[in-house]
Amino acid sequence: MAARVSRCFTITTRAYSSKVDKEVAFLGLGNMGGFMAANLVKKGFNVRGYDPSKEAQTAAAKDGVKGTSSIAAAVDGVDVVVSILPSNKVVLDAYLGKDGVVAHAPKGSLLIDSSTVDPNVPKQIFPVALDSGIGFIDAPVSGGVMGAQNATLAFMVGGRKEDFTRSLALLAAMGAKQFHCGDSGAGQVAKLSNNMLMGITGMATAECMNMGIKMGLDPKVLLDVLNNSSARSWSTEVYCPVPGLVPTAPSSRDYEKGFKNELMVKDLELASGMALGIRSPIPLGAVATQIYRVAQSRGYGEKDFSYIYQLLKEDKSKK
Ligand code: NAD
(Lines give C-alpha, C1' and ligand atoms only; values in the text may rest on other atoms or scores of the structure.)
Protein backbone atom coordinates (compact mmCIF):
# COMPACT_ATOMS: atom_id res chain seq x y z
CA MET A 1 0.00 0.00 0.00
CA ALA A 2 2.81 2.39 0.92
CA ALA A 3 4.47 1.75 -2.45
CA ARG A 4 1.19 2.46 -4.25
CA VAL A 5 0.70 5.78 -2.45
CA SER A 6 4.22 6.96 -3.22
CA ARG A 7 3.80 5.95 -6.88
CA CYS A 8 0.61 8.07 -7.09
CA PHE A 9 2.42 10.97 -5.50
CA THR A 10 5.14 10.79 -8.13
CA ILE A 11 2.56 10.86 -10.91
CA THR A 12 0.77 13.93 -9.55
CA THR A 13 4.04 15.72 -8.77
CA ARG A 14 5.11 15.29 -12.39
CA ALA A 15 1.82 16.80 -13.53
CA TYR A 16 2.37 19.89 -11.33
CA SER A 17 5.83 20.57 -12.63
CA SER A 18 4.84 20.25 -16.29
CA LYS A 19 1.92 22.69 -15.73
CA VAL A 20 -0.11 21.18 -18.54
CA ASP A 21 -3.55 21.11 -16.96
CA LYS A 22 -5.29 22.54 -20.02
CA GLU A 23 -7.56 19.72 -21.16
CA VAL A 24 -10.66 19.67 -18.99
CA ALA A 25 -13.81 17.52 -18.91
CA PHE A 26 -16.82 19.17 -17.34
CA LEU A 27 -19.74 17.04 -16.12
CA GLY A 28 -23.08 18.69 -15.29
CA LEU A 29 -23.83 21.83 -17.30
CA GLY A 30 -26.83 23.02 -15.28
CA ASN A 31 -27.46 26.33 -13.51
CA MET A 32 -24.00 26.29 -11.92
CA GLY A 33 -21.95 24.11 -14.24
CA GLY A 34 -22.94 25.99 -17.40
CA PHE A 35 -21.36 29.21 -16.14
CA MET A 36 -18.38 27.48 -14.52
CA ALA A 37 -17.50 25.64 -17.73
CA ALA A 38 -17.91 28.89 -19.72
CA ASN A 39 -15.47 30.65 -17.37
CA LEU A 40 -12.90 27.90 -17.89
CA VAL A 41 -13.20 28.41 -21.65
CA LYS A 42 -12.79 32.19 -21.21
CA LYS A 43 -9.59 31.61 -19.21
CA GLY A 44 -8.05 29.50 -21.97
CA PHE A 45 -8.83 25.92 -20.95
CA ASN A 46 -10.02 23.45 -23.58
CA VAL A 47 -13.30 22.18 -22.19
CA ARG A 48 -15.28 19.11 -23.20
CA GLY A 49 -18.69 18.89 -21.55
CA TYR A 50 -21.17 16.15 -20.82
CA ASP A 51 -24.75 16.49 -19.60
CA PRO A 52 -27.65 14.12 -20.36
CA SER A 53 -29.81 17.22 -20.91
CA LYS A 54 -29.52 18.21 -24.56
CA GLU A 55 -30.74 21.68 -23.67
CA ALA A 56 -27.89 22.16 -21.18
CA GLN A 57 -25.33 20.82 -23.64
CA THR A 58 -26.58 23.08 -26.46
CA ALA A 59 -26.45 26.16 -24.21
CA ALA A 60 -22.88 25.31 -23.14
CA ALA A 61 -21.80 24.81 -26.76
CA LYS A 62 -22.62 28.49 -27.38
CA ASP A 63 -19.99 29.32 -24.74
CA GLY A 64 -17.33 27.18 -26.43
CA VAL A 65 -17.81 23.92 -24.49
CA LYS A 66 -17.37 20.98 -26.83
CA GLY A 67 -20.25 18.52 -26.47
CA THR A 68 -19.69 14.78 -25.90
CA SER A 69 -22.07 11.83 -25.79
CA SER A 70 -20.93 10.11 -22.58
CA ILE A 71 -18.81 10.47 -19.47
CA ALA A 72 -16.24 8.10 -20.94
CA ALA A 73 -15.91 10.24 -24.09
CA ALA A 74 -15.67 13.45 -22.05
CA VAL A 75 -12.88 12.29 -19.72
CA ASP A 76 -10.80 10.44 -22.32
CA GLY A 77 -7.25 11.85 -22.29
CA VAL A 78 -7.98 14.92 -20.14
CA ASP A 79 -5.79 16.43 -17.42
CA VAL A 80 -8.62 17.38 -15.09
CA VAL A 81 -12.28 16.47 -14.61
CA VAL A 82 -14.63 18.95 -12.93
CA SER A 83 -18.18 17.97 -11.99
CA ILE A 84 -21.15 19.66 -10.39
CA LEU A 85 -24.08 17.24 -10.14
CA PRO A 86 -27.39 17.05 -8.32
CA SER A 87 -27.21 14.21 -5.75
CA ASN A 88 -25.23 11.55 -3.87
CA LYS A 89 -26.43 8.81 -6.21
CA VAL A 90 -25.68 10.71 -9.41
CA VAL A 91 -22.16 11.53 -8.17
CA LEU A 92 -21.41 7.96 -7.03
CA ASP A 93 -22.70 6.51 -10.32
CA ALA A 94 -20.84 9.10 -12.40
CA TYR A 95 -17.51 8.42 -10.65
CA LEU A 96 -17.61 4.76 -9.65
CA GLY A 97 -20.02 3.26 -12.22
CA LYS A 98 -18.79 0.83 -14.86
CA ASP A 99 -18.77 3.58 -17.48
CA GLY A 100 -17.82 6.25 -14.99
CA VAL A 101 -15.01 8.73 -14.48
CA VAL A 102 -12.57 6.60 -12.47
CA ALA A 103 -12.78 3.75 -15.00
CA HIS A 104 -11.98 6.06 -17.94
CA ALA A 105 -9.92 9.03 -16.70
CA PRO A 106 -6.18 8.84 -17.43
CA LYS A 107 -3.65 7.93 -14.76
CA GLY A 108 -2.18 11.10 -13.27
CA SER A 109 -5.33 13.13 -13.87
CA LEU A 110 -7.08 15.11 -11.15
CA LEU A 111 -10.80 14.85 -10.38
CA ILE A 112 -12.61 17.80 -8.79
CA ASP A 113 -16.18 17.27 -7.62
CA SER A 114 -17.99 20.51 -6.81
CA SER A 115 -21.41 18.94 -6.12
CA THR A 116 -22.86 19.30 -2.64
CA VAL A 117 -23.15 15.76 -1.25
CA ASP A 118 -22.79 13.70 1.93
CA PRO A 119 -19.15 13.73 3.16
CA ASN A 120 -19.20 9.93 2.86
CA VAL A 121 -19.48 10.24 -0.94
CA PRO A 122 -15.97 11.73 -1.48
CA LYS A 123 -14.67 9.39 1.20
CA GLN A 124 -15.83 6.47 -0.98
CA ILE A 125 -14.48 7.88 -4.26
CA PHE A 126 -11.09 9.12 -2.98
CA PRO A 127 -9.46 5.71 -2.20
CA VAL A 128 -10.74 4.11 -5.42
CA ALA A 129 -9.35 6.98 -7.49
CA LEU A 130 -6.04 6.86 -5.61
CA ASP A 131 -5.83 3.13 -6.30
CA SER A 132 -6.01 3.93 -10.04
CA GLY A 133 -3.27 6.59 -9.81
CA ILE A 134 -5.79 9.45 -9.98
CA GLY A 135 -6.17 12.39 -7.59
CA PHE A 136 -9.58 13.34 -6.20
CA ILE A 137 -10.80 16.32 -4.19
CA ASP A 138 -14.23 17.34 -2.98
CA ALA A 139 -14.58 21.05 -3.80
CA PRO A 140 -18.16 22.21 -3.17
CA VAL A 141 -18.88 25.86 -3.84
CA SER A 142 -20.67 28.80 -2.32
CA GLY A 143 -21.83 31.98 -4.05
CA GLY A 144 -24.84 30.79 -6.01
CA VAL A 145 -25.53 31.13 -9.71
CA MET A 146 -24.34 34.76 -9.67
CA GLY A 147 -21.04 33.61 -8.18
CA ALA A 148 -20.76 30.96 -10.89
CA GLN A 149 -21.50 33.51 -13.60
CA ASN A 150 -19.08 36.15 -12.27
CA ALA A 151 -16.36 33.65 -11.29
CA THR A 152 -16.55 34.77 -7.65
CA LEU A 153 -17.33 31.38 -6.09
CA ALA A 154 -15.72 30.22 -2.85
CA PHE A 155 -14.37 26.65 -3.05
CA MET A 156 -14.16 24.49 0.09
CA VAL A 157 -11.76 21.67 -0.56
CA GLY A 158 -11.23 18.31 1.11
CA GLY A 159 -8.40 15.99 0.11
CA ARG A 160 -4.63 15.85 -0.18
CA LYS A 161 -2.77 19.14 0.03
CA GLU A 162 -0.87 18.40 -3.19
CA ASP A 163 -4.12 17.87 -5.08
CA PHE A 164 -5.49 21.10 -3.63
CA THR A 165 -2.37 22.94 -4.80
CA ARG A 166 -2.65 21.44 -8.26
CA SER A 167 -6.32 22.45 -8.51
CA LEU A 168 -5.71 26.12 -7.75
CA ALA A 169 -5.26 27.35 -11.34
CA LEU A 170 -8.63 25.86 -12.30
CA LEU A 171 -10.43 26.92 -9.16
CA ALA A 172 -9.11 30.47 -9.59
CA ALA A 173 -10.58 30.53 -13.11
CA MET A 174 -14.04 29.78 -11.67
CA GLY A 175 -13.95 31.55 -8.32
CA ALA A 176 -12.41 34.13 -6.04
CA LYS A 177 -11.57 32.10 -2.92
CA GLN A 178 -10.22 28.64 -2.25
CA PHE A 179 -9.99 27.00 1.18
CA HIS A 180 -8.25 23.74 2.03
CA CYS A 181 -10.53 22.47 4.79
CA GLY A 182 -8.81 19.13 5.57
CA ASP A 183 -8.89 15.52 4.42
CA SER A 184 -11.32 13.97 1.95
CA GLY A 185 -14.90 14.95 2.88
CA ALA A 186 -13.88 18.06 4.85
CA GLY A 187 -14.99 20.39 2.02
CA GLN A 188 -18.50 18.90 2.23
CA VAL A 189 -18.61 19.34 6.01
CA ALA A 190 -17.79 23.05 5.57
CA LYS A 191 -20.31 23.39 2.74
CA LEU A 192 -23.19 21.72 4.62
CA SER A 193 -22.49 23.89 7.68
CA ASN A 194 -22.62 26.97 5.44
CA ASN A 195 -25.82 25.92 3.70
CA MET A 196 -27.64 25.09 6.90
CA LEU A 197 -26.89 28.62 8.10
CA MET A 198 -27.93 30.05 4.71
CA GLY A 199 -31.24 28.12 4.89
CA ILE A 200 -31.91 29.41 8.39
CA THR A 201 -31.02 33.05 7.62
CA GLY A 202 -32.97 32.88 4.33
CA MET A 203 -36.08 31.79 6.19
CA ALA A 204 -35.53 34.36 8.95
CA THR A 205 -35.10 37.15 6.38
CA ALA A 206 -38.32 36.10 4.61
CA GLU A 207 -40.37 36.11 7.79
CA CYS A 208 -38.99 39.44 9.06
CA MET A 209 -39.46 41.19 5.71
CA ASN A 210 -43.01 39.82 5.49
CA MET A 211 -43.85 40.99 9.02
CA GLY A 212 -42.42 44.50 8.52
CA ILE A 213 -44.15 44.97 5.15
CA LYS A 214 -47.47 43.76 6.60
CA MET A 215 -47.04 46.36 9.33
CA GLY A 216 -46.91 49.00 6.60
CA LEU A 217 -43.18 49.67 6.20
CA ASP A 218 -41.87 50.56 2.74
CA PRO A 219 -40.03 47.34 1.69
CA LYS A 220 -37.09 49.40 0.37
CA VAL A 221 -36.73 51.30 3.64
CA LEU A 222 -36.95 48.11 5.70
CA LEU A 223 -34.27 46.40 3.61
CA ASP A 224 -32.07 49.48 3.84
CA VAL A 225 -32.42 49.43 7.64
CA LEU A 226 -31.55 45.72 7.86
CA ASN A 227 -28.55 46.15 5.57
CA ASN A 228 -27.18 48.88 7.82
CA SER A 229 -28.01 47.20 11.12
CA SER A 230 -27.11 44.13 13.15
CA ALA A 231 -29.41 41.81 11.14
CA ARG A 232 -27.41 42.27 7.92
CA SER A 233 -26.49 39.04 6.14
CA TRP A 234 -25.93 37.60 2.66
CA SER A 235 -29.69 37.03 2.50
CA THR A 236 -30.47 40.71 3.07
CA GLU A 237 -27.63 42.13 0.96
CA VAL A 238 -27.50 39.83 -2.04
CA TYR A 239 -30.46 37.48 -1.93
CA CYS A 240 -33.43 39.46 -0.67
CA PRO A 241 -36.54 37.23 -1.01
CA VAL A 242 -38.85 40.18 -1.78
CA PRO A 243 -39.09 40.76 -5.56
CA GLY A 244 -37.76 43.98 -7.04
CA LEU A 245 -35.49 45.12 -4.19
CA VAL A 246 -32.25 43.47 -5.31
CA PRO A 247 -32.41 43.35 -9.14
CA THR A 248 -29.91 40.47 -9.43
CA ALA A 249 -31.58 38.24 -6.80
CA PRO A 250 -33.67 35.26 -8.04
CA SER A 251 -36.77 36.81 -6.38
CA SER A 252 -36.56 39.58 -9.02
CA ARG A 253 -36.81 37.05 -11.87
CA ASP A 254 -39.78 35.08 -10.60
CA TYR A 255 -37.51 32.91 -8.40
CA GLU A 256 -35.99 31.26 -11.49
CA LYS A 257 -32.31 30.42 -12.19
CA GLY A 258 -31.27 30.35 -8.56
CA PHE A 259 -30.68 27.67 -5.93
CA LYS A 260 -33.67 25.38 -6.30
CA ASN A 261 -35.78 24.78 -3.20
CA GLU A 262 -35.36 21.03 -3.75
CA LEU A 263 -31.56 21.45 -3.57
CA MET A 264 -31.93 23.37 -0.31
CA VAL A 265 -34.03 20.51 1.08
CA LYS A 266 -31.35 18.06 -0.05
CA ASP A 267 -28.58 20.04 1.66
CA LEU A 268 -30.55 20.48 4.88
CA GLU A 269 -31.31 16.77 4.95
CA LEU A 270 -27.62 16.00 4.40
CA ALA A 271 -26.69 18.40 7.22
CA SER A 272 -29.36 16.82 9.46
CA GLY A 273 -27.95 13.35 8.77
CA MET A 274 -24.44 14.56 9.56
CA ALA A 275 -25.62 16.20 12.82
CA LEU A 276 -27.55 13.09 13.83
CA GLY A 277 -24.47 10.94 13.34
CA ILE A 278 -22.49 12.99 15.87
CA ARG A 279 -25.49 13.94 18.07
CA SER A 280 -24.99 17.66 17.48
CA PRO A 281 -28.21 19.58 18.30
CA ILE A 282 -29.63 21.54 15.33
CA PRO A 283 -33.04 22.87 16.45
CA LEU A 284 -33.14 25.72 13.89
CA GLY A 285 -31.75 23.52 11.11
CA ALA A 286 -34.51 20.98 11.80
CA VAL A 287 -37.26 23.63 11.57
CA ALA A 288 -35.76 25.07 8.37
CA THR A 289 -35.63 21.59 6.82
CA GLN A 290 -39.34 21.07 7.45
CA ILE A 291 -40.38 24.51 6.14
CA TYR A 292 -38.49 24.11 2.85
CA ARG A 293 -39.87 20.58 2.56
CA VAL A 294 -43.40 21.98 2.83
CA ALA A 295 -42.59 24.39 -0.04
CA GLN A 296 -41.36 21.42 -2.07
CA SER A 297 -44.45 19.32 -1.33
CA ARG A 298 -46.65 22.24 -2.43
CA GLY A 299 -44.98 22.09 -5.85
CA TYR A 300 -42.31 24.79 -5.55
CA GLY A 301 -39.26 22.52 -5.60
CA GLU A 302 -38.02 24.02 -8.87
CA LYS A 303 -38.27 27.61 -7.63
CA ASP A 304 -35.39 29.32 -5.86
CA PHE A 305 -35.46 28.60 -2.12
CA SER A 306 -36.23 32.28 -1.37
CA TYR A 307 -39.75 31.50 -2.69
CA ILE A 308 -40.47 30.70 0.95
CA TYR A 309 -41.31 34.43 1.26
CA GLN A 310 -44.30 33.96 -1.07
CA LEU A 311 -45.59 31.09 1.06
CA LEU A 312 -45.32 33.15 4.24
CA LYS A 313 -46.95 36.11 2.52
CA GLU A 314 -49.97 34.12 1.36
CA ASP A 315 -52.87 34.76 3.72
CA LYS A 316 -56.27 33.28 2.91
CA SER A 317 -57.69 33.70 6.39
CA LYS A 318 -60.87 35.75 6.87
CA LYS A 319 -59.94 39.22 8.11
P1 NAD B 1 -29.01 21.82 -11.93
O2 NAD B 1 -30.12 20.84 -11.71
O3 NAD B 1 -29.31 23.11 -12.58
O4 NAD B 1 -27.81 21.12 -12.77
C5 NAD B 1 -27.39 19.80 -12.60
C6 NAD B 1 -27.05 19.26 -13.99
O7 NAD B 1 -26.46 17.97 -13.86
C8 NAD B 1 -28.29 19.09 -14.89
O9 NAD B 1 -28.12 19.83 -16.09
C10 NAD B 1 -28.35 17.58 -15.13
O11 NAD B 1 -28.88 17.26 -16.40
C12 NAD B 1 -26.89 17.21 -14.98
N13 NAD B 1 -26.65 15.79 -14.77
C14 NAD B 1 -27.43 14.87 -14.14
N15 NAD B 1 -26.85 13.66 -14.18
C16 NAD B 1 -25.66 13.81 -14.84
C17 NAD B 1 -24.61 12.92 -15.21
N18 NAD B 1 -24.63 11.62 -14.89
N19 NAD B 1 -23.55 13.43 -15.89
C20 NAD B 1 -23.49 14.73 -16.23
N21 NAD B 1 -24.46 15.63 -15.91
C22 NAD B 1 -25.54 15.17 -15.23
O23 NAD B 1 -28.35 22.04 -10.49
P24 NAD B 1 -27.33 23.19 -10.04
O25 NAD B 1 -28.10 24.29 -9.43
O26 NAD B 1 -26.37 23.46 -11.11
O27 NAD B 1 -26.63 22.42 -8.82
C28 NAD B 1 -25.71 21.36 -9.03
C29 NAD B 1 -24.98 21.07 -7.73
O30 NAD B 1 -24.39 22.28 -7.24
C31 NAD B 1 -25.89 20.55 -6.60
O32 NAD B 1 -25.19 19.58 -5.87
C33 NAD B 1 -26.14 21.79 -5.77
O34 NAD B 1 -26.45 21.47 -4.42
C35 NAD B 1 -24.82 22.53 -5.92
N36 NAD B 1 -24.88 23.98 -5.73
C37 NAD B 1 -25.83 24.73 -6.37
C38 NAD B 1 -25.87 26.11 -6.18
C39 NAD B 1 -26.92 27.00 -6.84
O40 NAD B 1 -27.06 28.17 -6.43
N41 NAD B 1 -27.64 26.50 -7.84
C42 NAD B 1 -24.93 26.72 -5.34
C43 NAD B 1 -23.95 25.94 -4.73
C44 NAD B 1 -23.93 24.57 -4.95
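This one's a predicted model, so the numbers in the text were calculated from it and none came from an experiment.

Peer 1: For the layout of surface pockets, give the residues involved together with the corresponding values.
Peer 2: When its volume is computed, the largest pocket comes out at roughly 1,200 Å³. Forming the boundary of the largest pocket are 48 residues, of which Leu-29, Gly-30, Asn-31, Met-32 and Gly-33 lie nearest the centre. Only helix H2 (33-42), helix H3 (54-62), helix H5 (88-96), strand E7 (141-142), helix H8 (144-150), helix H10 (186-214) and helix H13 (261-278) provide two or more residues apiece to the lining of the largest pocket. Residue composition of the lining of the largest pocket, grouped by class: 23 nonpolar, 16 polar and nine charged. The residues that make up the lining of the largest pocket include at least three from each of domain 1 (23-183) and domain 2 (190-313).

Peer 1: Outline the state of the cysteines, supporting the account with residue identities and numerical values.
Peer 2: Throughout the structure, instances matching the rule amount to zero disulfides. Free of any disulfide, Cys-208 has its nearest cysteine sulfur in Cys-240, 12 Å distant. Of the residues examined, Cys-208 reaches a relative accessible area of 40% and is grouped as partly exposed.

Peer 1: Before we move on, could you go through the site of the ligand and cite the residues and values that matter?
Peer 2: Surrounding the ligand, one finds 24 residues, the nearest of these being Asn-31, Met-32, Asp-51, Leu-85 and Lys-266. Contact between the ligand and Leu-85: an oxygen atom at 2.8 Å from a main-chain N or O atom of the residue. Here the ligand has 840 Å² of accessible area as a free molecule, and 88% of this is covered by the chains. When each cavity is represented as a set of grid points, the ligand is found to reside in the largest pocket. Where the shell around the ligand is concerned, the elements lending two or more residues are H8 and H13.

Peer 1: Please provide a residue-by-residue account of the side chain of Arg-166, values included.
Peer 2: Secondary-structure assignment places Arg-166 in helix H9 (residues 161-174). Within the structure, the side chain of Arg-166 is placed 2.9 Å from the side chain of Asp-21, a separation counted as a polar contact. A polar contact of 2.8 Å, which involves the side chain of Arg-166, links it to the backbone oxygen of Gly-108.

Peer 1: So what's going on with the UniProt feature "domain: 3-hydroxyisobutyrate dehydrogenase-like NAD-binding" (unreviewed entry) in the protein chain? Residues and values would help.
Peer 2: With numbering aligned to this structure, UniProt lists the feature "domain: 3-hydroxyisobutyrate dehydrogenase-like NAD-binding" (unreviewed entry) at residues 185-312. Annotated as residues 185-312, this span is 65% helix and 0% strand, and its ends, taken at the C-alpha atoms, are 35 Å apart.

Peer 1: An account of the domain arrangement of the protein chain is needed here, citing residue identities and associated values.
Peer 2: Split by domain assignment, the protein chain resolves into domain 1 (23-183) and domain 2 (190-313). On a C-alpha basis, the centres of domain 1 and domain 2 stand 27 Å from each other. Of the residues lining the interface, 14 residues belong to domain 1; the matching set on domain 2 comes to 17 residues. Summing the contributions of domain 1 and of domain 2, the shared interface buries around 1,200 Å²; its carbon and sulfur component is 66%. Here domain 1 and domain 2 share zero salt bridges between them. Broken down by secondary-structure element, the contributors of at least two residues to the side of domain 1 that touches domain 2 are E7 and H8. When grouped by side-chain class, the residues that make up the side of domain 1 that touches domain 2 number nine nonpolar, four polar and one charged.

Peer 1: Explain the pairing of strand E1 (residues 23-27) to me, and be specific about the residues and the numbers.
Peer 2: Of all five residues that make up E1, four are buried, and the element is covered over most of its length. The sheet contact formed by E1 and strand E2 (residues 46-50) spans five bridges and is parallel. In the strand pairing of E2, Val-24 is matched with Val-47. Chirality of the crossover, the property in question, places the unit of E1, H2 and E2 among those that are right-handed. Sheet analysis places E1 next to strand E4 (residues 80-83), joined by four bridges and oriented parallel. Within the sheet, the bridge partner assigned to Leu-27 lies in E4 and is Ser-83.

Peer 1: Go over the confidence of the model for the protein chain with me, naming the residues and quoting the values.
Peer 2: Put simply, the protein chain has an average pLDDT of 93, and 94% of its residues get 70 or more. Here residues 1-18 is a poorly scored stretch, pLDDT under 50, and it has 17 contacts once near neighbours within four places are set aside; other chains count.

Peer 1: Account for unusual backbone geometry, with residues named and values stated.
Peer 2: Located in the positive-phi region is Tyr-255, a residue other than glycine, with phi close to 60°. With respect to the element layout, Tyr-255 can be found in the loop between helix H12 (234-237) and H13. Of note in the backbone geometry, Lys-257 takes a positive phi value of approximately 50° without being a glycine. Inspection of the secondary structure puts Lys-257 in the loop between H12 and H13.

Peer 1: So what's going on with H13? Residues and values would help.
Peer 2: Given a rise of 1.5 Å per residue, 18 residues ought to cover 26 Å, and the 26 Å separating the end C-alpha atoms of H13 matches this to within 8%. After H13 finishes, the residue Arg-279 shows a positive phi value of roughly 55°.

Peer 1: Describe the environment of Leu-263, with residues and values.
Peer 2: On the secondary structure map, Leu-263 appears in helix H13. Residue Leu-263 is classed as partly exposed on the basis of its relative accessible area of 24%.

Parameters at a glance
- Residues numbered from 1 in each chain as written.
- Predicted model: local features only at pLDDT ≥ 70, side-chain atom pairs only at ≥ 80, totals over all residues.
- Heavy atoms only, no water.
- 1 Å grid on protein atoms, 1.4 Å probe; cavity = no way out; pocket = protein on both sides within 12 Å on 5 of 7 lines; lining within 4 Å.
- Points joined across faces, edges and corners; volume = space filled by probe spheres on them.
- Helix = DSSP H or I, 4+ residues; strand = E, 2+ residues; numbered from the N terminus.
- Nonpolar A, V, L, I, M, F, W, Y, C, P; charged D, E, K, R; others polar.
- Domains from an automatic or database assignment.
- Disulfide = S-S within 2.5 Å.
- Buried < 20%, exposed > 50% of the residue type's maximum accessible area, 1.4 Å probe, protein only.
- Near = heavy atom within 4 Å.
- Polar contact = N/O pair within 3.5 Å; in protein donor to acceptor, adjacent residues only side chain to side chain.
- Areas by Shrake-Rupley, 256 points an atom, 1.4 Å probe, with all protein chains shown as cover.
- Sits in = over half its atoms within 2 Å of the grid points.
- UniProt positions renumbered as here; feature names shortened; annotations may be inferred.
- Contact = heavy atoms within 4.5 Å.
- Buried area = accessible area lost by both parts, 1.4 Å probe.
- Salt bridge = Lys/Arg side-chain N within 4 Å of Asp/Glu carboxyl O.
- Pairing = 2+ DSSP bridges.
- Right-handed = clockwise from strand over helix to strand, strands pointing away.
- pLDDT = per-residue confidence, 0-100.
- Expected span 1.5 Å × (residues − 1).

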